[in-house]
Amino acid sequence: MSFKGFREDFLWGGATAANQLEGAYNEGGKGLTLADISPGGKQRMNLMFSGDMPLEIDESKYVYPNHKGIDYYHRYKEDIAMFAEMGFKTFRMSISWARIFPNGNDTVANEEGLAFYDSVIDELLKHNIEPTITISHYETPLHLVKEYGGWKNKELISFFEKYARTILERFGKKVTYWMTFNEINTGLMNNFFSTAMQKPTEEEIYQGLHNQFVASSLATKIAREVNPNIQMGCMSVYATMYAYDSDPVNVQATQEKNRMFNYFCNDLQVRGEYPSYALAYFDRKGINVDMTEEELAVIRENTVDYMSFSYYMSAAMSVNPAHQDEKSQGNFFGGVKNPFLKASDWGWEIDPIGLRIALNDLYGRYGVPLYISENGLGAVDTPDENYVINDDYRIDYLEQHISEMKKAVMLDGVDLMAYTPWGCIDLVSASTGEMSKRYGFIYVDLDDNGNGDMSRHKKKSFDWYKEVISTNGEEIK
Ligand code: BG6
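In this convention, every chain numbers its residues from 1, walking through the sequence in written order. The model is predicted, so local features are restricted to residues of pLDDT at least 70 and side-chain atom pairs to those at 80 or more, both for listing and for counting; the totals for chains, interfaces and linings are taken over all residues. Side-chain metrics rest on all non-hydrogen atoms present in the structure, leaving aside hydrogens and water.

Trainee: Provide a residue-level description of the overall build of the chain, including the pertinent values.
Mentor: Working definition: helices are DSSP H or I runs of at least four residues, strands are E runs of at least two. Numbering for both runs from the N terminus. Broken down by element type, the chain carries 15 helices and 12 strands. The globule rule used here is 2.2 Å times the number of residues to the 0.38 power, and the radius of gyration it is set against is calculated over C-alpha atoms. Taken against the 2.2 N^0.38 rule, which gives 23 Å for 477 residues, the C-alpha radius of gyration of the chain at 21 Å falls within 12% of a compact globule. Counting only C-alpha atoms, the chain reaches 60 × 55 × 50 Å along its principal axes. Throughout, exposure labels follow a simple rule: accessible area from a 1.4 Å probe, protein chains only, divided by the maximum for the residue type, with under 20% read as buried, over 50% as exposed, and the rest as partly exposed. Counting over 477 residues, the chain shows a buried share of 63%. We call two residues in contact when some of their heavy atoms are within 4.5 Å. When contacts within the chain are restricted to residue pairs at least 6 apart in sequence, long-range pairs at least 24 apart make up 76% of them. Residue burial considers only the protein chains on display, and all accessible areas are found by Shrake-Rupley using a 1.4 Å probe. Roughly 17900 Å² of accessible area belongs to the chain as shown, and the carbon and sulfur atoms make up 48% of that amount.

As structure tokens, then:
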């Protein structure tokens, strides 16, 4: 830890998820996942949130951008070489459960899937890039949803445990940084991607999360048996919460929202205990989560080494009906419109200072190293005929956020270990399935309907980020 600037060993890099970039959805023995049956386009979010997502592929009706992703499955060597050129110290990737166990609960692991990730990891290590692996990023195998009803079913704990053991035993000697579930707290509102359930009751929502806490702790336990040097993290989406005004009613409502949204899952995974506000809530609402003494002991004894979070926006809260006319948006949540902030083209409010507040809040509460595992601007990029893309808006966004990170480290004493902006190479959007919502330093020639030659091109931000990394952020004011 240093108050002079970012740590010497600071992990600069980029973040992705298997289902959003690999493509090859039915190659190499892979089974189907929830991402494979989620169509692109406007209906995607509605289907996810209504609980009416059809559990079959219907190509006569929909397009499925995740099916070919950006074809990373076949082009990863070219892409990793570009990450290396930018000087990445780490690359956050996920493993697709269904590449290893096509149905999620097969007796024998699929060697072709394991071999694929072996070769991706070796390619990264060859370029001195440390992988950071998310074990589950929004892609529960479809079979586990159809046959078992998703994460509300405790049987998924042992299926996940076997999957986690398989990949940790295979890759745990050469990969130090791991995370269990991506944005685990989105299970509170995006039940489809997160806990793989449709139309759950509130009790099932908390049961699904409880089962994931147990599964996550078991993975942490296995990781330590395999290699005591492994650093295991949890991962949540964090939105800095502001009361819309100083009306105590709004301040109290904000505190309540903050607890369940920003703290609940981290309290379980970092502190290892159900917080009393959650138990009081269950009691008040008559929610009975089936939790055994043995499960609670597993959660208590296997807390994480570091805490990671995605940060895209803050949210203003008000219970006053007069403030409800204009809402802010996010991928899975929003607040009321904050008059002090501008929003991205997708309505996500941009708030770099909110990131400094987040870092202080989380470090003050948990005292473990923090890893910003996602951040970035989804924007439309328009290349000229030579693929020149002057994405100053993206540079501006990232520069402002890194500047606030630096203040949190140097002025506030926060121990920050890593920064991996989301979608370092353009990929399929999780919420909308669009390609046109781009985050990358690397442009991929592909549109929302699958047209394009998928060639890769450096944007202006590519060289900018390369400079940030090579100077360890020193030039950022
Ligand atoms: C996070 C997810 O919520 O936000 C990613 O972990 C996702 O999977 C990212 O892609 C950005 O959201 P979107 O909807 O713009 O792709």
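Further notes follow.
Trainee: Help me get a handle on unusual backbone geometry, residues and values and all.
Mentor: Of note in this structure, Ala24 is not a glycine but carries a positive phi near 45°. Note on placement: Ala24 falls in the loop between helix H1 (18–21) and helix H2 (43–50). A positive phi angle, near 65°, is found at Met454, a position not held by glycine. Assignment of secondary structure puts Met454 in the loop between strand E11 (442–444) and strand E12 (456–458).

Trainee: Break down a negative patch on the surface for me, citing the residues and quoting the values.
Mentor: Patch members must show over 30% relative accessible area and no salt bridge, and they are joined within 9 Å when carrying like charges or within 5 Å when they are nonpolar side chains of Val, Leu, Ile, Met, Phe, Trp or Tyr. Salt bridges are defined as contacts in which a side-chain nitrogen from Lys or Arg sits within 4 Å of a carboxyl oxygen from Asp or Glu. Think of it this way: Lys and Arg go in the positive column, Asp and Glu in the negative one, and His and the chain ends go nowhere. Note on charges: their place is set at NZ of Lys, CZ of Arg, CG of Asp or CD of Glu. A surface patch of negative charge is lined by Glu8, Glu467, Glu474 and Glu475. Position of Glu475 relative to the elements: it lies in the segment after helix H15 (460–470). On the accessibility criterion, Glu475 (53% relative accessible area) is exposed.

Trainee: So what's going on with the nonpolar core? Residues and values would help.
Mentor: Counting 146 residues, the largest nonpolar core has Phe264 and Phe309 as its most contacted members. Among the elements that line this core, the one with the most residues is helix H9 (residues 202–226), at 10 residues. Those residues in contact with Phe309, other than ones at most four positions away along the chain, are Met235, Ser236, Tyr238, Leu355, Ala358, Leu359, Leu362, Leu370, Tyr371, Ile372, Ser373 and Glu374. For the purposes of this section, nonpolar cores are sets of buried Ala, Val, Leu, Ile, Met, Phe, Trp, Tyr and Cys residues that join through side-chain atoms within 4.5 Å. Counting residues in hydrophobic clusters, the runner-up holds eight residues, among them Tyr177, Met235, Tyr306 and Ala418.

Trainee: I'd love a proper account of the packing of aromatic side chains, names of residues and values included.
Mentor: Note on aromatic contacts: the rings of Phe and Tyr and the six-membered ring of Trp form a pair at centre separations within 6.5 Å, being stacked when their planes are under 30 degrees apart, edge-to-face when over 60 apart, and tilted otherwise. Under the counting rule described, the total for this entry stands at 38 aromatic pairs. Relative to Trp12, the ring of Phe6 lies with its centre 5.1 Å away and its plane at 80°, an arrangement referred to as edge-to-face. Across the pair, exposure class does not vary: Phe6 and Trp12 are buried alike. Ring geometry for Tyr306 and Tyr371: centres 5.6 Å apart, planes at 25°, overall stacked. One end of the pair, Tyr306, is in strand E7 (residues 306–310); the other, Tyr371, is in strand E9 (residues 370–374), with 65 residues separating them in the sequence. For the pair Tyr306 and Tyr371, one class covers both residues: buried. When the NZ atom of lysine or the CZ atom of arginine is within 6 Å of a ring's centre and also within 35 degrees of its normal, the charge is said to sit over that ring. Across the ring face of Phe116, the terminal group of Arg99 is positioned such that the distance to the ring centre comes to 5.6 Å. When the ring centre of Tyr263 is taken as origin, the NZ or CZ atom of Arg365, which lies over that ring, is 3.9 Å away.

Trainee: With reference to specific residues and values, describe the environment of Ser94.
Mentor: As for its placement among the helices and strands, Ser94 is situated in strand E2 (residues 90–94). Counting along the chain gives 78 residues from Ser94 to Thr16, while the straight-line C-alpha distance between them is 7.1 Å. For Ser94, the contacting residues outside a window of four places in its chain are Thr16, Ala17, Ala18, Glu22, Tyr117, Thr134, His137 and Glu139. At 2.7 Å, the side chain of Ser94 forms a polar contact with the backbone nitrogen of Ala18. N or O atoms closer than or at 3.5 Å make up a polar contact, with two conditions inside protein: a donor-capable atom paired with an acceptor-capable one, and, for residues adjacent in sequence, both atoms drawn from side chains.

Trainee: Which residues make up the packing of H9 against helix H10 (residues 248–271), and what are the values?
Mentor: Closest axis-to-axis distance for the H9/H10 pair is 10 Å, and the angle between their directions is 40°. Crossing angle aside, the handedness with which H9 passes H10 is right-handed. Across the interface between the two elements, Tyr206, Leu209, Phe213 and Ser216 from H9 touch Met260, Phe264, Cys265, Leu268 and Gln269 from H10. With axes taken as lines fitted to C-alpha atoms, and helix axes fitted only over the stretch in contact, angles between N-to-C directions fall between 0 and 180 degrees. The crossing is said to be left-handed when, going from far helix to near helix, the turn is anticlockwise and less than a right angle, and right-handed when the turn is clockwise.

Trainee: Describe the pairing of E7, listing the residues and the values that go with them.
Mentor: Where burial is concerned, most of E7 is hidden: five out of the five residues are buried. Alternating residues of E7 divide into Tyr306, Ser308 and Ser310 and Met307 and Phe309, and every residue in both groups is buried. One bridge is not enough; two strands pair if DSSP finds at least two bridges between them. In this sheet, E7 lies alongside strand E5 (residues 231–237) in parallel orientation, the contact comprising five bridges. Within E7, the residue paired with Ser236 across the bridge is Phe309.

Trainee: Please give an account of the UniProt feature "active site" (unreviewed entry) in the chain that cites residues and values.
Mentor: As recorded in UniProt, the sites labelled "active site" (unreviewed entry) are Glu374. You can see Glu374 is positioned in strand E9. Residue class for Glu374 comes out buried when judged on its relative accessible area of 5%. Apart from residues lying up to four places away in sequence, Glu374 is in contact with Ala15, Arg92, His137, Asn182, Glu183, Met235, Phe309, Ser310, Tyr311, Tyr312, Thr420 and Trp422. UniProt positions are given in the numbering used here, feature names are shortened, and annotations may be inferred rather than shown by experiment.

Trainee: Tell me about the sheet that holds E2, and please be specific about residues and values.
Mentor: Ordered by their spatial adjacency, eight strands build a closed barrel running E1-E2-E3-E4-E5-E7-E9-E10, and the pairing between neighbours is parallel. Recorded for the sheet is a direction-independent mean angle of 30° between the axes of neighbouring strands. With respect to the sheet, H9 is in contact with strand E3 (130–136), strand E4 (177–181) and E5, its orientation differing from that of E4 by roughly 160°.

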